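Per-entry structural report
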Amino acid sequence: MPEEKLIISGYIEKIGLKDSFWTTKVNGEKIKGERYLKNHKEAAEVLIEELLKHKAVESLDEIKGVGHRVLHGGEKYSDSVIITDEVIEDIKDLTKLGPLHHPGNLAGIEAMQKALPGVPMVAVYDTAFHQTMPKVNYMYPVPMEWYTKYGVRKYGFHGTSHKYITLKMKEKLGKDDVNLIICHIGSGASISAIKDGKCYDTSMGITPLDGLMMGTRSGAIDPSILEYVSKESGESLEDLTNDLNKKSGLLGISGYSDSRDVEAARAAGDKNATLALDMYNDRITLTMQDILEKEFKIDARGYRPQEVDKVLDMVISDYNAYNSMIREKDRQINALNNQILELKQKLRNAKANMDIVKNSERQVTNVDLLRRISELEKIIYGRNNDNE
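Definitions and cut-offs
- Residues numbered from 1 in each chain as written.
- Predicted model: local features only at pLDDT ≥ 70, side-chain atom pairs only at ≥ 80, totals over all residues.
- Heavy atoms only, no water.
- Salt bridge = Lys/Arg side-chain N within 4 Å of Asp/Glu carboxyl O.
- Helix = DSSP H or I, 4+ residues; strand = E, 2+ residues; numbered from the N terminus.
- Buried < 20%, exposed > 50% of the residue type's maximum accessible area, 1.4 Å probe, protein only.
- pLDDT = per-residue confidence, 0-100.
- Contact = heavy atoms within 4.5 Å.
- Expected span 1.5 Å × (residues − 1).
- Arc of directions from axis to C-beta.
- Polar contact = N/O pair within 3.5 Å; in protein donor to acceptor, adjacent residues only side chain to side chain.
- Phe/Tyr/Trp six-rings, centres within 6.5 Å; stacked < 30°, edge-to-face > 60°.
- Lys NZ or Arg CZ within 6 Å of the ring centre and 35° of its normal.

The subject of this paragraph is the pattern of salt bridges. Working definition: two side chains of opposite charge can pair if their charged atoms are close together. In total, this model carries 19 salt bridges according to the counting rule given. Glu50 serves as the salt-bridge partner of Lys53, at 3.0 Å between the closest nitrogen and oxygen. Within this pair, Lys53 and its partner Glu50 are both found in helix 1 (residues 40-53), separated by 3 residues, close to a single helical turn. For Glu328, the salt bridge goes to Arg331, with nearest N and O atoms at 2.6 Å. Separated by 3 residues within a single helix, Glu328 and Arg331 lie in helix 13 (residues 305-387), roughly one turn from each other. Arg331 gets classed as partly exposed once you look at its relative accessible area, which sits at 48%. Each of Glu13, Asp258 and Arg260 takes part in salt bridges that share partners, so that together they form one network.

The following block contains the structure:
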């Protein structure tokens, strides 16, 4: 194998939004570009432009292969595959389970096939890494025929990210049977449990809609909400599912789908942005009970189970103590705020009383002066009358 060398890297963000931009890294230098990219086809065109502009290749003929991240491989694909007509048809068929991603995945594949005819393309499935989950974890407690007829089960996503972290941890720890909790947190968010080096469970389900709150997705909610809102609003199930995928999460609460925009709005005092981030953070939880129910121990450095349990107990104890401290500090802050309000009122009252006293003193002094002058006149004139 030839030596692997990174020549150029980059990413394109906010596709479909007016403030689309991309960042290209060449020789350690980050170069930013921006213009409105209305879809993934235009994003793929930018990718080609950047490769040529920065001389990553002199000609597109130098490119010998292209990898494409594809959201959903169903149960059929448990590893990466060369893209054929059959693979493309399967991706189209599975769009019903990945409505947000597959149109973009297909647009990217089609754009690169057009730009690079004859160059092998590889589909790297987000669901592939999670195919090692045991049945007890990927099955839903619904009628069995839903699974046998329609393939209703948990598939999991962000597999490329969870797999990369797993491989890196194996390398760092010098062992294959690592046990990990991996958090992929951003506008898309998921958590996975790794047991003996393989995916054991994950938060996303049959689609990426399940699990944690995300940029535009609701995450896990009570499914009966759909029937209720449908009856109340008259919207179809398809419309409501679209709302949960594209109009919920951070966007639904704050009006912004990108976490950076939400954070900026929070910094500017937007209460809905603050609420959205609080909700987002609150849903990223993993309790001791959650871990124990999975029947495995978290292993970051090969500790014995008893040591790991002890550490987890300490972490949870510290977490609970920290929460108690926060609540106590909040109580003290509220009490101090109330005291400040009372002191301000007392200060206003004191100032008003001082004004009254000052005015009163002036009146007393004037009267007193007149009285003293009168008495002085009586004394003087009285004595004069006596002398006469």
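Next comes the rest of the description.
Mean pLDDT for the chain: 86, with 84% of residues reaching 70 or above. Low confidence marks residues 384-388, where pLDDT is under 50. Its contacts with residues over four positions away, or in another chain, come to 0 contacts.

What follows deals with helix 11 (residues 271-282). Between its first and last C-alpha, helix 11 extends 16 Å over 12 residues, near the 16 Å set by a 1.5 Å rise per residue. Restricting attention to buried positions, one finds in helix 11 the residues Ala273, Ala276, Leu277 and Tyr280. Along the long axis of helix 11, the arc covered by the buried residues comes to 95 degrees, so they all point the same way. With respect to the buried face of helix 11, the exposed residues turned more than 90 degrees away are Lys271 and Asp282.

On to the environment of Lys14. The topology assignment puts Lys14 in the loop between strand 1 (8-13) and strand 2 (21-26). What makes Lys14 buried here is its relative accessible area of 14%. As for Lys14 and Lys38, which are separated by 24 residues in sequence, their C-alpha atoms are 9.4 Å apart. Side-chain polar atoms of Lys14 contact the side chain of Asp19, separated by 2.9 Å.

To continue, consider the packing of aromatic side chains. Inspection of every chain in the model, using the stated rule, returns 2 aromatic pairs. Residues Tyr77 and Tyr125 carry aromatic rings whose centres are separated by 4.7 Å and whose planes lie at 15 degrees to one another, so their mutual orientation is stacked. Of this pair, Tyr77 sits in the loop between strand 4 (66-70) and strand 5 (81-82) while Tyr125 sits in strand 6 (residues 121-125), placing them 48 residues apart in sequence. Take Tyr77 and Tyr125: they sit in the same class, and that class is buried. Here the aromatic rings of Tyr138 and Tyr147 are separated by 6.3 Å at their centres, their planes lie at 45 degrees, and the arrangement is tilted. Above the face of the Tyr36 ring, Lys18 is positioned so that its terminal group lies 4.2 Å from the ring centre.

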